[in-house]
2 protein chains.
Amino acid sequence: MTPPDGSGVARTRRRQADKAPSPPTGAGERAIDMGGLPDFIGYALRRAQIRVFEDFIRSLAKLDVSPAQFSVLLVIDRNPGLKQSQVSAVLGIQRTNFVAMVDELERRGLVVRQAVPNDRRSHALVLTDHGRENLRKAAKLQAKHERRLGERLGEGGREALLRLLRALAST
Amino acid sequence: MTPPDGSGVARTRRRQADKAPSPPTGAGERAIDMGGLPDFIGYALRRAQIRVFEDFIRSLAKLDVSPAQFSVLLVIDRNPGLKQSQVSAVLGIQRTNFVAMVDELERRGLVVRQAVPNDRRSHALVLTDHGRENLRKAAKLQAKHERRLGERLGEGGREALLRLLRALAST
DNA sequence: AATAACTGTTATCACATATTACATAAAAAG
DNA sequence: CTTTTTATGTAATATGTGATAACAGTTATT
C-alpha cells in the first residue's frame, strides 16, 4: 500500500509550470484527440486527485501541514500512545519511511516519542499541546476545504463519490 | 499540473510490503480511530487511485506499459506528428521530464522523433508499426481492466463516478 | 538457552516531479 | 534587416515519495 500523500504534488515549491492540460482548444489550432483518456477511470481519478491535493495544500499552507502529516496527526490525536508501527500500518505507510516523518513532527514540537512501560523496543506517539493546537487549526481549514469540494459535487454528490471510491478501493 | 502516472506506485518492483491499511481489526486489539479520514474526499481519492493504478499496471505488465506511457502512446497515435511540447502539454507533463519518456519509448522502438519541415527546433512524434501494434494490444488489456472497474461500481456507477471526478478536476 | 519475531532505525535505490540553465531556432518588434 | 523576445528540446540537478535490505536491541517462542 501507499501513504496518504504522494500525489506527486510539490508541497513546498510553488507550482505552476508548463501549462494546464488542454484549455478547451482556442480558435485556430485543431483540437487534440485524447483518445478517450478522459473517460478512463484511472485518468479521471488521477486528475481529480491532483486537483484535490493541490487545494488541500493551499488550504493548509499557513500551517505547512501536508495531507500525509495531517493524517498522522489525526490518528495520533484520536489514539494517543499508539506505537509507530501501528500508526504507520493503518495509514499504509511503511515503518521505515515513517521514521523520518515522525522525526520531522517531533522536530517541530507537534509530537513526542514516549517510552512504553513494558516494551523497550517501541515508542508511543502522543501529540504535544502545540501539536493538538496545530491539529485543531488544521482540522478547521481542512473542513473548509472539504466543504468547498462538496459544493462542487452538488447535492448528494459527495456521498455518492465516497461510496464509489470505496467500492474501488475495497478488497 | 502533473503527469498521468505518479501514483507512487512502483511499476518495476513487485509491491506488497508492510501490510494493507486497517484490516477490519481482528478480535483482541481495540480498533484504531481513523478520525473520519475515510470520509474525506482526498483520502478516499488517493486510496482508490492507488488501487486502480496497481490494477492497471498488473493488467499491462505483460507489455510493460505504464499508465503514463499508455497515455502518451494513445495521444501520439490519435494525433500523429504533434510536437513534443504539444503532447506533454495536453497530458500535463512538463516538457523537461517528457524528454526521458520519449527517449525510452524511442529506445523501445515504439515511437520516432521526426524532423518537422518548417521548424528545425521541434520534433514530430509518430508511432512506429511496432508502436501501433503495441498500443493495440495495450488498449485491449486496458479495456478489460476498465470493464473490471466498471463491474465494481455497479449499474451506472462508472458514469456517475466519471461525472463527479470531472467536477472535481474542472477549472 | 537457543531461536524466532518485533520494533525502530539507517542506508540505499528507483522513480516522479519541479527548477534552472542553455543552445538553437523561429517569431516579433524596431 | 537587425535586435529582442519567445519557443523548443535538452541536460543537470534537487526534492519527495516509496520500496528493500540490513542491523541492533528487545521481546516472545520453543
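Residue numbering note: each chain is counted from 1, following its sequence as written. By the order in which they are written, chains take letters starting at A while ligands take numbers starting at 1. Selection of residues for local features in this predicted model requires a pLDDT of at least 70, selection of side-chain atom pairs for listing and counting requires 80 or more, and totals for whole chains, interfaces and linings are taken over all residues. Heavy atoms from the whole structure form the basis of all side-chain values; hydrogens and water molecules are not counted.

### A closer look at helix 6 (residues 157–169) of chain B
Keep this limit in mind: Segments assigned H or I by DSSP are reported as helices when at least four residues long, segments assigned E as strands when at least two residues long, and all are numbered from the N terminus. Helices are assigned an expected span. That span is 1.5 Å times one less than the residue count. Classification of residues uses two cut-offs on accessible area relative to the type maximum, computed with a 1.4 Å probe and protein chains only: under 20% is buried, over 50% is exposed, and between them is partly exposed. Summarising the geometry, the arc corresponds to the directions from the helix axis toward the C-beta atoms. Contacts: residue pairs with any heavy atoms within 4.5 Å of one another.
With 13 residues, helix 6 of chain B should reach 18 Å at 1.5 Å per residue; the first-to-last C-alpha distance of 18 Å fits that figure. Among all positions of helix 6 of chain B, only Gly157, Arg158, Leu161, Leu162, Leu164, Leu165, Leu168 and Ala169 of chain B are buried. For helix 6 of chain B, the angular spread of buried residues about the axis comes to 170°, placing them on one side. Elements in contact with the buried residues of helix 6 of chain B: helix 1 (41–59), helix 5 (129–153) and helix 6 (157–169) of chain A together with helix 1 (41–59) and helix 5 (129–153) of chain B. One or two positions beyond helix 6 of chain B, positive phi appears at Thr171 of chain B, with a value near 50°.

### Considerations on the pattern of salt bridges
Residue and element names in this part refer to chain B. The line we're drawing: Counted as salt bridges are all cases of a side-chain nitrogen of Lys or Arg within 4 Å of a carboxyl oxygen of Asp or Glu.
Tallied over the entire structure, the rule returns 27 salt bridges over all chains. With a shortest N-O distance of 3.8 Å, Arg58 and Asp55 are connected by a salt bridge. Residue Arg58 and its partner Asp55 are located together in helix 1, separated by three residues, close to a single helical turn. Residue class for Arg58 comes out exposed when judged on its relative accessible area of 54%. Taken together, the salt bridges that share partners define one network made up of Asp64, Glu104, Arg107 and Arg108.

### Notes on the sheet that holds strand 2 (residues 111–116) of chain B
All names here are of chain B. Test applied: In this analysis, strands are considered paired if DSSP registers two or more bridges between them.
Read across the sheet, three strands follow the order 1-3-2 without closing on themselves; strand pairing throughout is antiparallel. Edge positions in the sheet fall to strand 1 (82–83) and strand 2, since each has one partner strand and no second. With six bridges joining them, strand 2 and strand 3 (residues 119–127) adopt antiparallel strand pairing. Within the sheet, the bridge partner assigned to Val111 lies in strand 3 and is Leu127.

### Describing the sheet that holds strand 1 (residues 82–83) of chain A
Strand order in the open sheet formed by three strands is 1-3-2 (chain A), with antiparallel pairing between adjacent strands. The open sheet is flanked by strand 1 and strand 2 (111–116) of chain A, the only strands paired with a single partner.

### Looking at the packing of helix 2 (residues 67–78) of chain B against helix 5 of chain B
Residues and elements named next belong to chain B. Rules: Lines fitted to C-alpha atoms define the axes, with helix axes restricted to the stretch in contact, and inter-axis angles between N-to-C directions lie between 0 and 180 degrees. Each angle receives one of four descriptions, namely roughly parallel if under 35 degrees, roughly antiparallel if over 145, roughly perpendicular if within 65 to 115, and oblique otherwise. Handedness of a crossing follows from how the near helix is turned relative to the far one, being left-handed for an anticlockwise turn of less than a right angle and right-handed for a clockwise one. As a working rule, the residues Ala, Val, Leu, Ile, Met, Phe, Trp, Tyr, Cys and Pro are called nonpolar, Asp, Glu, Lys and Arg charged, and the rest polar, with Gly in that last group.
Two numbers describe how helix 2 lies on helix 5: the axes approach to 10 Å, and their chain directions differ by 120°. With respect to their mutual orientation, helix 2 and helix 5 come out oblique. The chirality of how helix 2 crosses helix 5 is left-handed. On the side of helix 2, the interface is formed by Phe70, Leu73, Leu74 and Asp77, while helix 5 contributes Arg132, Leu135, Ala138, Ala139 and Gln142. Of the residues belonging to the contact of helix 2 with helix 5, the class tally is six nonpolar, one polar and two charged.

### Quick notes on the packing of aromatic side chains
Geometrically, a pair of aromatic rings is defined through the distance of the ring centres and the angle of the planes. What counts, and what does not: Pairing of aromatic side chains here covers Phe, Tyr and the six-membered ring of Trp, requires ring centres within 6.5 Å, and sorts the geometry by plane angle: under 30 degrees stacked, over 60 edge-to-face, intermediate tilted.
On inspection of all chains with the given rule, the structure shows four aromatic pairs over all chains. Taken together, a centroid distance of 6.5 Å and an interplanar angle of 45° make the contact between Phe40 of chain A and Phe70 of chain B tilted. Within this pair, whereas Phe40 of chain A is found in the segment before helix 1, its partner Phe70 of chain B is found in helix 2, the two belonging to separate chains. With relative accessibility at 18%, the residue Phe40 of chain A sits in the buried group. Since its relative accessible area comes to 3%, Phe70 of chain B is described here as buried. For the ring pair Phe56 of chain A and Phe70 of chain A, a centre distance of 5.7 Å and an interplane angle of 65° mean the geometry is edge-to-face. Taken together, the positions of Phe56 of chain A in helix 1 and Phe70 of chain A in helix 2 (residues 67–78) put the pair 14 residues apart, joining distant regions of the chain. We classify Phe56 of chain A as buried; its relative accessible area is 8%. Through pairs of rings, three or more aromatic residues link up here, namely Phe40 of chain A together with Phe56 and Phe70 of chain B.

### Overview of the pairing of strand 3 (residues 119–127) of chain A
All names here are of chain A. Here two bridges tie strand 1 to strand 3, and the two strands are oriented antiparallel to one another. Bridge assignment links Leu82 to a residue of strand 3, and that residue is Leu125. Joining the antiparallel neighbours strand 2 and strand 3 is a turn of two residues.

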